[in-house]
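Architecture at a glance
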Amino acid sequence: MLRQHKLRAFLTMLGVIIGVMSVTLIVLVSNGFKAYLDTQFQSLGADTVFLFYDPFGKMRGQNNGGIEKLTTEDMQYVLNRVTAVDLASGEMSVPSQKVAFGINSMDNPQIHAVDANFQALNRFKLVAGRAFTTEDVTQRASVCLIGEDIRDKLFPQPGATTGKGSSDTPEAKAAAAAGNSQALGKLVMLNGITLQIVGVIERKSFLGDNTGRILLVPITTAQMKWLGGNKLDVIYLRARPDVTDADAMEAVWEAMMARSGNKTVYRVDSNQSISGVFTGLSTTAGAILAAVAALSLLVGGIGIMNIMLVSVTERTKEIGLRKALGARRSAILMQFLIEAGTLSLVGGLIGMGIAWGMGQVVTIVTLMKHWPSAEGLTAPFPISAAIMAAAFSAVIGMVFGFYPAMSASQLDPIVALRTE
């Protein structure tokens, strides 16, 4: 029957093809995003813990106890009190302003005041120059680190381009190297303050953002020039190698509760826990979408039932002849069940093949567009999910094909033979 009515068989399988393709493709893309998120957070360091001042987290009726922000004393307190962490770094954002060198300038760079441990805790890499030293911080040195976009804007070179993936060509690399040599040691102006460039930070993407526009200054320099005081926006902490981030977070939380007199004005988080939230959301969304797409398999099953009923009607005389020659009801039943299952299984395999091809297209296109990162979106083929979808489609076909098969097996051979 399948070979005699190829077009009808293909149209019957279409619902199953679309269903399996949709489920497999959704799981494929979902896995790709999970891998992307894992890579993004791992690049920042899975062992990094964050401590924030969060007055909105306090309980109703509770005051903040005079606590207005994190301070450098809080950072030192945690280091002295919590044995689960071995390194700390404070950061403060500086109000946006223009950075300029000669006639070239860039508006609104991302300016952060940091200490000497910031680079190690945030996994920033340098393409030229050096990082901040303890002496830079203690002596309030007028130095800075700039991102590659700022370098290209202030020290433009022939062949230099900006944007994701723009540094891959030999011309761009040569231009970047020339820009680095020009930038290092130069004095840039920032709100009337002169800073010497001592390093260039590698452009690193994170969830659509990148470090190209970042400008770092020693925190003591920023406090003396602009901010004043010893306030901090966030404290980065590194868990010891033998301590999990969850244990480190708990220890930091307990220490800050003791310091604040149990005022819940702080929030403790980590890259790993944030990554877990994103991954959980991605997994849940993917599962829901896959479940919705799987409904099309039911539509495909109904199509198979319909065509098998038509097939039974067309082949009534053949069924009667087989039963007259001694074919048992179980043989007739099995024949039609196998036909229904074959239709579904072949449709499932075709759907798997189409999903694999579309996954390759997604990988190639995102790599060409450098989205969501310079490496594109790697979409590994979910073999287990595809096999499950194909097997489920075969079961669906046999379930929906059972009624037509049972109807065929119960035909009276004499009545069937008389049917025209």
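Preceding this paragraph is the structure being described.
Summarised in this report is the structure supplied together with it. (Residues numbered from 1 in each chain as written. Predicted model: local features only at pLDDT ≥ 70, side-chain atom pairs only at ≥ 80, totals over all residues. Heavy atoms only, no water.)

So, about the overall build of the protein chain. Each helix and strand counted, the protein chain has 13 helices and 16 strands in total. By residue count, 46% of the 420 residues in the protein chain fall in the buried class. A separation of at least 24 residues holds for 79% of the contacts in the protein chain among residues at least 6 apart in sequence. Of the roughly 20,600 Å² that the protein chain leaves accessible, carbon and sulfur atoms contribute 62%. (Helix = DSSP H or I, 4+ residues; strand = E, 2+ residues; numbered from the N terminus. Buried < 20%, exposed > 50% of the residue type's maximum accessible area, 1.4 Å probe, protein only. Contact = heavy atoms within 4.5 Å. Areas by Shrake-Rupley, 256 points an atom, 1.4 Å probe, with all protein chains shown as cover.)

Taken together, the side chains of Leu7, Phe10, Leu11, Leu14 and Ile18 present a nonpolar region at the surface, about 460 Å² in accessible area. Inspection of the secondary structure puts Ile18 in helix 1 (residues 6-44). Residue class for Ile18 comes out partly exposed when judged on its relative accessible area of 40%. (Patch = residues over 30% accessible without salt bridge, like charges linked within 9 Å, V, L, I, M, F, W, Y side chains within 5 Å. Salt bridge = Lys/Arg side-chain N within 4 Å of Asp/Glu carboxyl O.)

Summarising the element assignment, His112 is placed in strand 6 (residues 110-114). If near-sequence neighbours (up to four positions away) are discounted, His112 is found in contact with Glu91, Met92, Ser93, Ile214, Leu215, Leu216 and Val217.

Evaluated as defined, the whole model comprises six aromatic pairs. With 5.5 Å between their ring centres and 85° between their planes, Phe118 and Phe124 make a pair best called edge-to-face. Ring centres of Phe118 and Tyr236 lie 5.7 Å apart, and the angle between their planes is 75°; on these two criteria the pair is classed as edge-to-face. One end of the pair, Phe118, is in helix 3 (residues 118-122); the other, Tyr236, is in strand 15 (residues 234-239), and 118 residues separate them in sequence. Looking at Tyr236, the relative accessible area reads 10%, which means it is buried. Three or more aromatic residues joined by ring pairs make a cluster, and in this case those are Phe50, Phe52, Phe118, Phe124 and Tyr236. Residue placement shows Arg259 over the ring face of Tyr77; its charged tip is 4.7 Å from the ring centre. Above the plane of the ring of Phe52 lies Arg267, whose end atom (NZ or CZ) is 4.8 Å from the centre. (Phe/Tyr/Trp six-rings, centres within 6.5 Å; stacked < 30°, edge-to-face > 60°. Lys NZ or Arg CZ within 6 Å of the ring centre and 35° of its normal.)

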